[in-house]
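Given next are the chains, with one letter for each unit.
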Amino acid sequence: MAALCEEFTLCGLIASAGAGAGQGILGLEPGPDPDRVLLTDRGRTATLYKVSDQKPLGCWSVKQDQTITCPAVCNFETGEYIAVHDDKVLRIWKDEDVNLDKVFRATLTADVYRIHSVPHTEPLVLFKGGAVRTLDALLAAPQQEIENVISDEVIRWSEAFMETQQPVLIFTTEKNGNYFVYVQKVNPNILHKYKLEQEESFHPLSFTAYTKNKILTLLCLYSNGCVYKLLMSLQQSVPEEEQILSKSLLLKMVVSDTVLKGASLAILDKDHVAVLGCLDSPPNTAKECLSIWNTKFQTLQTSKELPQGTSGQLWCYGEKFFLTHGKVLTVIVYKCETSSLATAVGKLKDTQTSGMRTVSSYVNWNTLQEEDLASPHAQQSVAAKTESKRTLRSRRNNVAKVQRDTLTVEQLLSDIKDSSQHDIEEELRQFLSNAQMSDFQATVGYIITGLVNRCKTEPTFYPRHCLVQLIQTQGLSYSLCPDLMAVALDKTDVHLLQLCLQQFPDVPEAVTCACLKAFLSISDDSLQGTNVNLDSVISYIDIMPNDQVEKQTETVQNGFSSALMEDDSCDIQLTQKPHVVDTEELCPVGPQKAALLNAILHSAYSETFLLPHLKDLSAQQVILFLRYLQYLYIKCSEKVSTDFPGMLSPTINQIMDWMCLLLDAHFTVVVMLPEAKGLLFSLHKFVRAQVRFCSELNKIEGSLQELQRIKHQKDFGLYSIEMLELV
């Protein structure tokens, strides 16, 4: 049985110059590990994505007058990336490279069609003329002459495999409606040519292939909705004359008078194939859909309509479909089970589920027998009926109790849909205390998704304690429950948001900025008594009563007095004592808000994607956040270690990074805002003082090194007086 599971968006697609969004992307190749893919658009850019986090890990572009003409691939042997721009220019780079103009470059003598990278061997380069070279051979002599294998033929598709530890490359060509298949062995260099049987009214739309036991199987999807299978032997050691391949029908998907357009074919396992395409029948409108078919029993297993349209491109890596849907690249997870006739027609029972239900309905009959013995036998008929009713009620209670003790995931998910909040909290507490599951993380994800879905459809339902309890299991991530933080933001549940920021390693930058905006918008009075973890602030914050903070706010602008603004601390001697009442020593926010902002400082981010969202902050929010960052910076600088104690406390690097990000995002606003001038001036003075202090330390560095080299040669007794001359 095959099924389509969860679906999510990997990234948005931007139409390149001269290429519409409907043309799709240039290519999508597997990355260095199963959770990464390398996307190449039809312009200048190649991007490496982490699929589970839906985040880009790297992005590389060529110059504006250049165009990538061959999809970028990963060299699994070296971990490097390879791409071709302007048909002949080969580029090779690594993760740490930024500018493609400065990486390795080799100009070839012929146009490249495709680069194929296969694990455990060198990448293969296929030229538009049909010649094949290994990457090593090309790099050894980039200007070598490349022969033309095909004449007046156009390559339509190609793929590479490993068979008996030797690379094999297959590609199909088309000329005047005739289709040819070429099989190229690299070591030894042997090329076989085949011709497909020509159809009168239909033509091939997509190809895919696989190898097994030295047999190469080619599957062809035709426009009439039929999938044909062609077999080629890889044991031939001598090139032969052109052969005509006879094909056999593997699958017929559509009825007559229906034409398949813009389709792609992918092999899932030995019994299942996936088809992405548009069925165009005269009386009905065309519909694009993704479907999974069982080739063994000729049955449709599952399908999904794609109303926003696709480019007809389909990739399949690691039990995930990648396809363009509208203006985004969509990922759809699928699963395929062992093929049998019962599963093909949907009649096979789920043995795992039935087994769980059997355990959940277990009844302790010894307990029920004790209840039966409690009723006296010498009773009248009416009394016996009454006692029978009581015994039946007791049995029901015991059955319910036993079922509750052995609660399963299915029962809990069912109860989440309609039970009261109190009952759900009790069941969840009992379930987590007794749960012993190998797939604990996935189970917790299902439970919290069910809770969040009900929160979205039923505004009055918000099981806060259940959500907190599930987050504290440390088995969740943002990708498992992407709507959780949105619901918490809607409910202004700052404690839940703090836990998510501390526990989830993959919070998107947009959600992080939304939390920051919410934290800065809430007043300190509203946060009084809120259940917020204060472990990150107790080591440094000066907690003051509310009236004292308000009084200080009346006489201080932006956290600095006018006398301090007029003074230049850089001209003060380093030994001078600080002011008795220094407004910089007062935290501009309360302890609860400070703890929430610290959770923001600890969150992971990418500068490129964080800066646009930081611009959504208002000027007042930017000033308040800068004041708090300045307070943290000064507090850190007072300590020798320049770091606060504790795991959740912000570090000096995090403080400085966020301060620079805020200034970069709101440079014009901060410079033009009158109330920000004092803050910038104070920061400037403090940095100058720090620079001068470091300069003074550098002056005595030589003297300190000299002191360390002094060795005491003799014992001076109880004490001694020595004179050291510092030069």
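Details of the structure are given in the entry above.
Residues numbered from 1 in each chain as written. Predicted model: local features only at pLDDT ≥ 70, side-chain atom pairs only at ≥ 80, totals over all residues. Heavy atoms only, no water.

S.K.: Please give an account of the overall build of the chain that cites residues and values.
M.R.: Per the secondary structure count, the chain includes 22 helices and 28 strands. A sequence separation of at least 24 residues applies to 56% of the contacts in the chain between residues at least 6 apart. For the chain, the accessible area works out to roughly 39300 Å², and carbon and sulfur atoms hold 51% of it. (Helix = DSSP H or I, 4+ residues; strand = E, 2+ residues; numbered from the N terminus. Contact = heavy atoms within 4.5 Å. Areas by Shrake-Rupley, 256 points an atom, 1.4 Å probe, with all protein chains shown as cover.)

S.K.: Just give me the short version of helix α18 (residues 619-637), but keep the residues and values in it.
M.R.: For α18, built from 19 residues, the straight-helix expectation of 27 Å at 1.5 Å per residue is met to within 8% by its first-to-last C-alpha distance of 27 Å. Most of α18 is tucked away, with 15 of its 19 residues classed as buried. (Expected span 1.5 Å × (residues − 1). Buried < 20%, exposed > 50% of the residue type's maximum accessible area, 1.4 Å probe, protein only.)

S.K.: Now, about the sheet that holds strand β26 (residues 314-316): what can you tell me, with residues and values included?
M.R.: Spatially, the 4 strands line up as an open sheet ordered β1-β28-β27-β26, and their pairing is antiparallel. In this open sheet, the two strands that pair with only one neighbour each are β1 (2-12) and β26. Ignoring which end each strand starts from, the neighbouring axes of this sheet average 25° apart. The pairing of β26 with strand β27 (residues 320-325) spans 3 bridges and is antiparallel. (Pairing = 2+ DSSP bridges. Axes fitted to C-alpha atoms, helices over the stretch in contact; angles between N-to-C directions.)

S.K.: I'd like a description of the nonpolar core, backed by residues and values.
M.R.: Formed by 85 residues in total, the largest nonpolar core has its most connected members in Leu484, Met485, Leu614, Phe625 and Tyr628. Of all the elements, α18 adds the most residues to this core, at 12 residues. Apart from residues no more than four positions distant in its own chain, phenylalanine 625 is found in contact with Leu516, Leu520, Leu597, Leu601, Trp658 and Leu662. Residues Val168, Tyr179, Leu196 and Leu230 belong to the second largest nonpolar core, which totals 21 residues. (Core = buried A, V, L, I, M, F, W, Y, C linked by side-chain atoms within 4.5 Å.)

S.K.: Which residues make up the pairing of strand β7 (residues 81-85), and what are the values?
M.R.: Of all 5 residues making up β7, 5 are buried, and the element is well covered by its neighbours. Across the two faces of β7 the burial is the same, with Tyr81, Ala83 and His85 and Ile82 and Val84 all buried. Pairing of strand β6 (residues 68-74) with β7, which is carried by 4 bridges, proceeds in the antiparallel orientation. Bridging across to β7, cysteine 70 finds its partner in valine 84. Hairpin geometry of β6 and β7 is characterised by an intervening segment of 6 residues between the two adjacent antiparallel strands and by a positive phi of about 80° at glycine 79. In this sheet, strand β8 (residues 89-93) lies alongside β7 in antiparallel orientation, the contact comprising 5 bridges.

S.K.: Can you lay out the packing of aromatic side chains for me, pointing to particular residues and giving the numbers?
M.R.: The final tally for this structure, using the stated rule, is 12 aromatic pairs. An angle of 50° between the planes, with centres 6.0 Å apart, marks the rings of tyrosine 317 and phenylalanine 322 as tilted. Site record: aromatic cluster; members linked through ring pairs are Trp60, Tyr81 and Trp93. Lysine 247 extends its terminal NZ or CZ atom over the ring of tyrosine 228, reaching a point 5.3 Å from the ring centre. When the ring centre of phenylalanine 461 is taken as origin, the NZ or CZ atom of arginine 454, which lies over that ring, is 4.0 Å away. (Phe/Tyr/Trp six-rings, centres within 6.5 Å; stacked < 30°, edge-to-face > 60°. Lys NZ or Arg CZ within 6 Å of the ring centre and 35° of its normal.)

S.K.: With reference to specific residues and values, describe unusual backbone geometry.
M.R.: It is generally the case that most residues other than glycine have a negative phi and that most peptide bonds are trans. With an omega of 0°, the peptide bond between asparagine 187 and proline 188 qualifies as cis. With respect to the element layout, proline 188 can be found in the loop between β15 (178-185) and β16 (190-196). Residue aspartate 86 is not a glycine yet carries a positive backbone phi of 55°. Along the chain, aspartate 86 falls in the loop between β7 and β8.

S.K.: Can you explain the packing of α18 against helix α19 (residues 652-665)? Please cite residues and give values.
M.R.: At a closest axis distance of 10 Å, the pairing of α18 and α19 adopts a crossing angle of 150°. Between α18 and α19, the crossing angle belongs to the class labelled roughly antiparallel. Of the two elements, α18 crosses α19, and the hand of that crossing is left-handed. Facing Val622, Phe625, Leu626, Leu629, Gln630, Leu632, Tyr633 and Cys636 of α18, the residues of α19 in contact are Ile652, Ile655, Met656, Trp658, Met659, Leu662 and Leu663. Classifying every residue of the contact of α18 with α19 gives 14 nonpolar, 1 polar and no charged. (Parallel < 35°, antiparallel > 145°, perpendicular 65-115°, else oblique. Left-handed = near helix turned anticlockwise from the far one by under 90°. Nonpolar A, V, L, I, M, F, W, Y, C, P; charged D, E, K, R; others polar.)

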